[in-house]
Amino acid sequence: MKKVAVNIARLVLAVTLILSGFVKAVDPLGTQYKIQDYLTAMGLGNFVPDFLTLSASVLLSGAEFMLGICLLFAIRRRLVSKIVLAIMVTMTLLTLWLAWTDPIHDCGCFGDALVLTNWQTFWKNVILLALAVIVWRWPLEMPRLISESNQWIVFNYSGVFILLFVALRSLYTLPQFDFRPYHIGADLREGWQKMMDGEDSPYTDFFIETVDEGEDITEQVLNSEGYTFLLIAPHLEQADDSQLDELNRIYDYSSEQGYPFYCLTASSEKAITRWQDMTGAEYPFCQTDDITLKTVIRSNPGLVLLKDGKVIRKWSHNALPEEEELTERLEDSGLGKMPSNSVPTKILWLLTWFVLPLVLLTIADRLWAWSKWLRKKNKKYNPLNKEKRIMRKKIVAGNWKMNMNLQDGIALAKELNETLKADKPNCGVVICTPFIHLASIAQFLDQDIIGLGAENCADKEKGAFTGEVSAEMVKSTGAQYVILGHSERREYYKETPEILKEKVLLAQKNDLKVIFCIGESLEEREAGKQNEVVKAELEGSVFNLSEEDFRKIVIAYEPIWAIGTGKTATAEQAEEIHAYIRSIIAEKYGQAVADDTTILYGGSCKASNAPELFAKPDIDGGLIGGASLKAADFKGIIDAWKK
Ligand code: PEP
């Protein structure tokens, strides 16, 4: 149920972030204008230069898209879910302010593709925030779509795609998808007429006035039969001047052919004169609202071709029509015809160059992971195979005991984290630390590689038990494991089998995996009572569990006479009693459970003796005390599984 909820939340968030990031990245100038609107509403409009708002536009939309991709593929699940939550908290507060004060009418969260009112946006964000909380609470419930080792391919590919092939490409040419009312095919004449008739129309701010007399010639321009060129330059002062000759050439062509040509701008007469002096422009200039001009075309300057009042072509100043294209009359050339609807082609392009490669990569990755799993499984279950027939997990767990202050503990955990990220272990690794370290270490530990555990927890759920730490508290730090029944706690803190039974139940109730320690003293071994002792310890505290719960327990056999003494049980001694422990588990729960139970050995285990111990069929790893306090020593033991 929890998993289903998390993954529904993940999917909804991922799709929303990908779509909203994409529609913004596809129109970087539109997003920049929106950022400028926000800055103006906050009174900062004049302080931030254009290049910063434009860079912010590209980076923010790219980041939004990438967060969606990371969620979809479950890349860096914990970090990404925290970032998404932080963003959703900020956006919900921001949109509440917007809805309340209404300084901007459309928040722009889906660019021009979907325009929501401020209150609609706020409620949308409340829902997304709730989903972000779910994902943040249980990030590890999101299964990866692709193995960790291949995630960089998805990340880099998507990053290059959204930044280079979507945002920068749209910036250089024009938005690949045009959601504005001036898109190719838009009938301005009809829309404007509707507006004049008092009907709803998106062209209420569209007007064209002559510069000198202020005469409104909108109707004349839109009603003109045949072709009309509109050179759009919202602000001539900021217009790109690298293509001036090209523009003059196009103007000469239009005059020769008798096509009207107007330059629409919101600049002052002074700026127009300066432009004329600088460029030798002879075309007529008209005044239009600057926001309207920015909406007409995302290029300053940009060129629009109308035919009978309909937009049939648009060019950015970086991709104006070539000289060879403007030789014959527009009526006779391809340029004078409206291109066929290019949206399906563009969607196909997207699917071919972005979606398909990722789908193929995911399939290849899954097949690879599946074949790896199959090979491993066959190896384990081949009856001819002399290696251990195990399904059970191999684990090396560290028990720091009462060592390391917080700073030293964090340093050790960081060192181990980096070491094992660089050289992945061949077994499960767990570090069990004093309580005070847990929350800090959980913040950075990559728990896909290193599990984190406590060394103990209380036998009471909560209440007036001064100094105790409950299983729920341990779990709330981010830890997943707890050691229970260690001989030092049995001996010095008089933990009886009954107390331990309670602790095991509470730990499991709080979803902690228990590493349950058993083992005999020197006298007991000398008296030949080791089997009796371990059996009683299991019966006293864990054999009451259901099969399902027992399967979650890891057993650690630790002969007390070998703990911290430098004396190790020989590999044969250890194997003998491990085999015995497995046999009594089999008696109680059946052979299948016994075969699946991980039984660790503990007691002066070091890098030098670990390979021999771990080679034994019933020894599935170690619980390590002293040698877990130095990263290199601990790594030496972990590497025993690579030998
Ligand atoms: C332990 O206390 O769990 C232990 C195995 O300690 P050491 O490795 O130091 O013997």
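Within every chain, residues take consecutive numbers counted from 1 along the sequence as written. Totals for whole chains, interfaces and linings use all residues, but because this is a predicted model, local features are given only for residues with pLDDT of at least 70 and pairs of side-chain atoms are given and counted only at 80 or more. The side-chain quantities take in all heavy atoms of the structure and omit both hydrogens and water.

Per an unreviewed UniProt entry, the chain goes by the name Triosephosphate isomerase and belongs to Xylanibacter ruminicola. UniProt positions are given in the numbering used here, feature names are shortened, and annotations may be inferred rather than shown by experiment. What the UniProt record of the chain gives under Subunit (unreviewed entry) is the line "Homodimer." Per UniProt, the comment on the chain under Catalytic activity (unreviewed entry) is "D-glyceraldehyde 3-phosphate = dihydroxyacetone phosphate".

J.: What exactly am I supposed to notice about the pattern of salt bridges here?
T.: Once their charged atoms are close, side chains differing in charge can pair, the charge on each being opposite to the other. Definition used for salt bridges: Asp or Glu carboxyl oxygen within 4 Å of a side-chain nitrogen of Lys or Arg. Under the definition given, this model contains 35 salt bridges. Residue Arg144 pairs with Glu148 through a salt bridge whose shortest N-O separation is 3.8 Å. In the salt-bridge network here, residues are joined through shared partners; they are Asp27, Asp178, Arg180, Arg298 and Lys314.

J.: How do you make sense of the domain arrangement of the chain when you look at a structure like this?
T.: Buried accessible area, meaning the area lost when the parts come together, often serves as the stated size of an interface. The source of the domain bounds is an automatic or database domain assignment. What the domain assignment reports for the chain is domain 1 (1–168), domain 2 (186–338), domain 3 (341–388) and domain 4 (395–640). If you average the C-alpha positions of domain 1 and of domain 3, the two centres end up 28 Å apart. By definition in these notes, contact holds between two residues if any of their heavy atoms fall within 4.5 Å. The partner domain 3 presents 11 residues to the 16 residues of domain 1 that form the contact. When two components associate, each loses some accessible surface as probed by a 1.4 Å sphere; the sum of these losses over both components is called the buried area. Together, the buried faces of domain 1 and domain 3 total about 1100 Å²; carbon and sulfur atoms form 72% of this surface. Three residues, Ile146, Tyr157 and Phe161, lead the burial of domain 1 against domain 3; their summed loss comes to 39% of the area buried on that side. Linking domain 1 with domain 3 are 0 salt bridges, by the criterion used here. Polar contacts here mean pairs of N or O atoms no more than 3.5 Å apart (in protein, one a potential hydrogen donor and the other a potential acceptor; neighbouring residues in sequence count only if both atoms are side-chain atoms). Linking domain 1 with domain 3 are 4 residue pairs in polar contact (both at pLDDT 80 or more), by the criterion used here. Helix and strand assignments follow DSSP, with helices taken as H or I runs no shorter than four residues and strands as E runs no shorter than two, numbered in order from the N terminus. When residues of the side of domain 1 that touches domain 3 are traced back to their parent elements, those giving at least two are helix H3 (50–73) and helix H6 (151–172). If one sorts the elements of the side of domain 1 that touches domain 3 by residue count, H6 sits on top with 6 residues. In the side of domain 1 that touches domain 3, the residues fall into 11 nonpolar, 4 polar and 1 charged. In the scheme used here, Gly and all other residues not listed as nonpolar or charged are polar, with Ala, Val, Leu, Ile, Met, Phe, Trp, Tyr, Cys and Pro taken as nonpolar and Asp, Glu, Lys and Arg as charged.

J.: Sorry if this is basic, but what is going on with a negative patch on the surface here?
T.: The grouping of Asp212, Glu213, Glu215, Asp216, Glu219 and Glu269 at the surface amounts to a negative patch. For every residue, the accessible area (1.4 Å probe, protein chains only) is compared with the maximum for its type, and the residue is labelled buried under 20%, exposed over 50%, or partly exposed between those bounds. The class for Glu215 is partly exposed, based on a relative accessible area of 44%. Like charges are joined within 9 Å and nonpolar side chains (Val, Leu, Ile, Met, Phe, Trp, Tyr) within 5 Å, but only among residues with over 30% relative accessible area and no salt bridge; these make up the patches. The accessible surface values rely on the Shrake-Rupley method and a 1.4 Å probe; as for residues, cover is taken only from the protein chains in view. Within this scheme the basic residues Lys and Arg register as positive and the acidic residues Asp and Glu register as negative, but His and the chain ends are omitted. For this purpose, a charge sits on NZ of Lys, CZ of Arg, CG of Asp or CD of Glu.

J.: Please explain the sheet that holds strand E2 (residues 227–233) as it appears in this structure.
T.: Picture the strands of a sheet paired through backbone hydrogen bonds; they go either parallel or antiparallel. Should DSSP find at least two bridges between two strands, the strands are taken to pair. Read from one edge of the open sheet, 6 strands run E1-E4-E3-E2-E5-E6, paired in mixed fashion. A single partner strand is all that each edge strand has here, and the edge strands are strand E1 (209–210) and strand E6 (310–316). In this sheet, strand E3 (residues 261–265) lies alongside E2 in parallel orientation, the contact comprising 5 bridges. Of the residues in E3, the one forming a bridge with Leu230 is Tyr262.

J.: What am I meant to see in the site of the ligand here?
T.: Summary of the distance rule: residues count as near a molecule or strand when at least one heavy atom falls within 4 Å of that molecule or strand. In the vicinity of the ligand there are 14 residues, among which Lys401, Glu558, Ser604, Gly625 and Gly626 approach most closely. Taking Gly564, its main chain carries an N or O atom lying 2.8 Å from an oxygen atom of the ligand. Here the ligand, which alone exposes 300 Å², has 95% of that area covered by the protein. Split into classes, the residues belonging to the shell around the ligand amount to 4 nonpolar, 8 polar and 2 charged.

J.: Looking at this structure, I do not really get the side chain of Lys24. What am I missing?
T.: Along the chain, Lys24 turns up in helix H1 (residues 2–25). When sequence neighbours within four positions are dropped, the list of residues in contact with Lys24 reads Thr31, Ser61, Glu64, Gly108, Cys109 and Gly111.

J.: Help me understand the packing of H3 against helix H4 (residues 77–101), please; the structure alone is not making it clear to me.
T.: Lines are fitted to the C-alpha atoms to define the axes, a helix being fitted only along its stretch in contact, and any angle between axes, read from their N-to-C directions, falls within 0 to 180 degrees. It is at 10 Å that the axes of H3 and H4 come closest, and there the two elements cross at 135°. In terms of orientation, H3 and H4 fall into the oblique class. For the pair H3 and H4, the crossing hand works out as left-handed. Here H3 contributes Leu67, Cys70 and Leu71 to the contact with H4, which in turn contributes Val80, Ile83, Val84 and Ile87. Split into classes, the residues belonging to the contact of H3 with H4 amount to 7 nonpolar, no polar and no charged. Every angle not falling under 35 degrees, over 145, or within 65 to 115 is termed oblique; those three ranges are roughly parallel, roughly antiparallel and roughly perpendicular. Take the far helix as your reference; a near helix turned counterclockwise from it by less than a right angle gives a left-handed crossing, and one turned clockwise gives a right-handed crossing.

J.: Whenever I open this one, the packing of aromatic side chains confuses me. Can you help?
T.: Between two aromatic rings, the relevant description is the distance of the centres plus the angle of the planes. Aromatic contacts are taken between Phe, Tyr and Trp rings whose centres are within 6.5 Å, Trp giving its six-membered ring; a plane angle under 30 degrees counts as stacked, one over 60 as edge-to-face, and the others as tilted. On inspection of all chains with the given rule, the structure shows 22 aromatic pairs. Both rings, one in Phe22 and one in Phe177, keep their centres 6.1 Å apart while their planes meet at 65°; by these two values the pair is edge-to-face. Of this pair, Phe22 sits in helix H1 while Phe177 sits in the loop between H6 and helix H7 (188–196), placing them 155 residues apart in sequence. What makes Phe22 buried here is its relative accessible area of 11%. By relative accessible area, Phe177 is classed as buried at 11%. Consider the rings of Tyr557 and Tyr601, whose centres lie 6.4 Å apart with planes at 50°: the pair is tilted. Of this pair, Tyr557 sits in strand E12 (residues 554–557) while Tyr601 sits in strand E13 (residues 599–602), and the two are 44 residues apart along the sequence. An identical accessibility class is assigned to Tyr557 and Tyr601; each is buried. The rule is short: NZ of Lys or CZ of Arg within 6 Å of the ring centre and within 35 degrees of the ring normal puts a charge over the ring. Here the guanidinium or amino end of Lys294 rests over the ring plane of Tyr33, the centre of that ring lying 4.7 Å away.

J.: What should I look at first to understand the UniProt feature "active site" (unreviewed entry) in the chain in this one?
T.: Here, UniProt's "active site" (unreviewed entry) annotation points to His486 and Glu558. Maximum C-alpha separation among the annotated residues is 8.4 Å over a sequence range of 73 residues, consistent with a single clustered spot. Position of His486 relative to the elements: it lies in the loop between strand E10 (481–484) and helix H16 (487–492). Residue classification places His486 among the buried positions, given a relative accessible area of 5%. When neighbours within four sequence positions are excluded, His486 is seen to be in contact with Asn399, Lys401, Cys517, Glu558 and Ile563. Within the element layout of this structure, Glu558 appears in the loop between E12 and helix H21 (571–589). Under the relative-accessibility criterion, Glu558 is labelled buried at 5%.

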